[in-house]
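Each chain, written out:
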Amino acid sequence: MAKSFAVIGDPIDHSLSPNIHNAAFRELNLDCSYIAYRIPKGELEDGIEGLKKIKIDGFNVTIPHKVEMMKYLNKMDESCSLIGAVNTVTNNDGILKGYNTDMDGFLEPFKKKKLNIENTKVLLLGAGGAARAIVAAFAKEKAKSITIANRTLENARNLSEFAKKIGLDVNVIRIEDVKDSAKNYDIIVNATSVGLKNEPTIISLDNINEKTIVYDIVYMPINTDFIKKAKEKNAVIIFGYEMLLGQATRAFEIWHGMKAPYNAMKKALLGGF
Ligand code: ATR
């Protein structure tokens, strides 16, 4: 029987998820469809009722519903309860189970490129929702320490409590205090939204080297200023679109119980830029 999937959020019209998942269905000849469905803030409950009525098989959840969606789940995967936010839901006869594939999606490029995380020193820029899944990822892979640098120190402190709780050695600093210390880290991640509007990098990457792993979770534009500066230093680059693909392939595997066609999904995604 044909299966249907969706991504819910607001705004949603620029979501790349329908392209990515529909490309996977075509590649594997699956009788499935995936649409973007706008549900404004405050209308989540009604929206979910609608999705249940049409017997949706699964859906992705994005801004602004990732935390509120937790209320409407009947079951929760560990990834979801750990991070406190949901981005992937399965629907089995009205029983909704939530997952968070951002953590595994973030780690996927490290695995693909065989890059080690264990015992590394990490600099994480940002302390929002995405940063929380990333902190969980570094704890899972046993990073040696993590420094959370954020514009608002209080948000960094809140995130550091979570990091400590899950076993990380953590420091907190203001973004402007990073100064020329980027060289002290093995992995530097931009998990702020800076770059989305082509803004210049918020920290200097002048003294990193070719061993430094530089990861920008901003995926559009592909080459943010942060990425360009890292390329000038011949650093190891991980692009935001790689995390986007990582979380999408993981969601695919949860829904369909088979390996996702990574290359077809990548082609569809990069064609969308
Ligand atoms: P997401 O869910 O995508 O992580 P978010 O929760 O809104 O989004 O978090 C955005 C992050 O980008 C925060 O760390 C935010 O810093 P504050 O905690 O100080 O708000 C950071 N951010 C956004 N705009 C920024 C800017 N112009 N300079 C520095 N940091 C910025």
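Here, every reference points to the structure presented above.
First, a word on what this report is: a plain description of the structure on this page. (Residues numbered from 1 in each chain as written. Predicted model: local features only at pLDDT ≥ 70, side-chain atom pairs only at ≥ 80, totals over all residues. Heavy atoms only, no water.)

**Notes on the pairing of strand S8 (residues 145-150)**
Alright, step 1. Burial of S8 is extensive: six of the six residues sit out of reach of the surface.
Alright, step 2. A two-sided burial pattern is seen for S8, the buried positions comprising Ser145, Thr147 and Ala149 on one face and Ile146, Ile148 and Asn150 on the other.
Alright, step 3. Taken together, the five bridges between strand S7 (residues 121-125) and S8 define a ladder with parallel strand orientation. The residue of S8 that forms the bridge with valine 122 is isoleucine 146.
Alright, step 4. A crossover links S7 with its parallel partner S8, the connecting element being helix H5 (residues 129-140), and its sense is right-handed.
Alright, step 5. Taken together, the five bridges between S8 and strand S9 (residues 170-174) define a ladder with parallel strand orientation. The residue of S9 that forms the bridge with isoleucine 148 is valine 172.
Alright, step 6. The parallel pair S8 and S9, bridged by helix H6 (residues 153-165), forms a crossover whose chirality is right-handed. (Buried < 20%, exposed > 50% of the residue type's maximum accessible area, 1.4 Å probe, protein only. Helix = DSSP H or I, 4+ residues; strand = E, 2+ residues; numbered from the N terminus. Pairing = 2+ DSSP bridges. Right-handed = clockwise from strand over helix to strand, strands pointing away.)

**Remarks on the site of the ligand**
Alright, step 1. Around the ligand lies a shell formed by Gly126, Ala127, Gly128, Gly129, Ala130, Asn150, Arg151, Thr152, Asn155, Thr192, Ser193 and Val194.
Alright, step 2. A distance of 3.2 Å is found between an oxygen atom of the ligand and a backbone nitrogen or oxygen belonging to glycine 129.
Alright, step 3. Asparagine 155 is positioned with one of its side-chain polar atoms (N or O) 2.7 Å from an oxygen atom of the ligand.
Alright, step 4. Relative to its unbound accessible area of 650 Å², the ligand is 65% covered by the protein chains.
Alright, step 5. In this structure, the ligand is accommodated by the largest pocket. (Near = heavy atom within 4 Å. Polar contact = N/O pair within 3.5 Å; in protein donor to acceptor, adjacent residues only side chain to side chain. Areas by Shrake-Rupley, 256 points an atom, 1.4 Å probe, with all protein chains shown as cover. 1 Å grid on protein atoms, 1.4 Å probe; cavity = no way out; pocket = protein on both sides within 12 Å on 5 of 7 lines; lining within 4 Å. Sits in = over half its atoms within 2 Å of the grid points.)

**Some thoughts on the packing of H5 against H6**
Alright, step 1. Running from N to C, H5 and H6 cross one another at 25°; their axes reach a closest spacing of 10 Å. Judged by the angle between their axes, H5 and H6 are roughly parallel. Classified by chirality, the crossing of H6 by H5 is right-handed. Counting all contacts with H5, which are made through Ala131, Arg132, Val135 and Ala136, the residues of H6 involved are Leu159, Phe162 and Ala163.
Alright, step 2. Classifying every residue of the contact of H5 with H6 by side-chain character gives six nonpolar, no polar and one charged. (Axes fitted to C-alpha atoms, helices over the stretch in contact; angles between N-to-C directions. Parallel < 35°, antiparallel > 145°, perpendicular 65-115°, else oblique. Left-handed = near helix turned anticlockwise from the far one by under 90°. Contact = heavy atoms within 4.5 Å. Nonpolar A, V, L, I, M, F, W, Y, C, P; charged D, E, K, R; others polar.)

**What about the layout of surface pockets?**
Alright, step 1. Of the volumes computed, that of the largest pocket is approximately 1600 Å³.
Alright, step 2. Residue lining of the largest pocket: 49 residues in total, with Thr62, Ile63, Lys66, Ala130 and Ile217 positioned closest to the centre.
Alright, step 3. Among the elements of the structure, strand S3 (58-61), H5 and helix H8 (240-256) are those that each provide at least two residues to the lining of the largest pocket.
Alright, step 4. In this structure, the lining of the largest pocket is formed jointly by two domains, domain 1 (3-99 + 243-270) and domain 2 (103-238), each of which donates at least three residues.
Alright, step 5. There is about 340 Å³ of room inside the second largest pocket. (Points joined across faces, edges and corners; volume = space filled by probe spheres on them. Domains from an automatic or database assignment.)

**So, the sheet that holds S8**
Alright, step 1. Judged by pairing direction, the sheet is parallel, and its six strands sit side by side in the order S9-S8-S7-S10-S11-S12 without closing on themselves. The open sheet has two edge strands, S9 and strand S12 (236-238), and neither has a second partner. On average, adjacent strands in this sheet sit at an angle of 15° to one another, irrespective of strand direction.
Alright, step 2. Sheet strands touched by H6: S7, S8 and S9. Its angle to S9, the strand with the most contacts, is close to 170°.

**Thoughts on a negative patch on the surface**
Alright, step 1. On the surface, a cluster of negative charge is made up of Glu43, Glu45, Asp46 and Glu49.
Alright, step 2. Note that glutamate 49 resides in helix H2 (residues 44-53).
Alright, step 3. A relative accessible area of 39% places glutamate 49 in the partly exposed class. (Patch = residues over 30% accessible without salt bridge, like charges linked within 9 Å, V, L, I, M, F, W, Y side chains within 5 Å. Salt bridge = Lys/Arg side-chain N within 4 Å of Asp/Glu carboxyl O. Lys, Arg positive; Asp, Glu negative; His and termini not counted. Charge placed at Lys NZ, Arg CZ, Asp CG, Glu CD.)

**Observations regarding the environment of histidine 21**
Alright, step 1. Mapping histidine 21 onto the fold places it in helix H1 (residues 17-28).
Alright, step 2. Placed 14 residues apart in sequence, histidine 21 and isoleucine 35 show a C-alpha to C-alpha distance of 9.2 Å.
Alright, step 3. When near neighbours in sequence (up to four residues on either side) are disregarded, histidine 21 contacts Tyr34, Asn60, Ala248, Ala251, Phe252, Trp255 and Met265.

**Overview of H5**
Alright, step 1. End to end, H5 covers 17 Å across twelve residues, agreeing with the expected 16 Å (1.5 Å per residue, within 8%).
Alright, step 2. Among the residues of H5, Ala131, Ala133, Ile134, Val135, Ala136, Ala137, Phe138 and Ala139 are the ones counted as buried.
Alright, step 3. Lysine 142, located one to two residues past H5, shows a positive phi value of around 60°. (Expected span 1.5 Å × (residues − 1).)

That is the geometry; function is a separate question.
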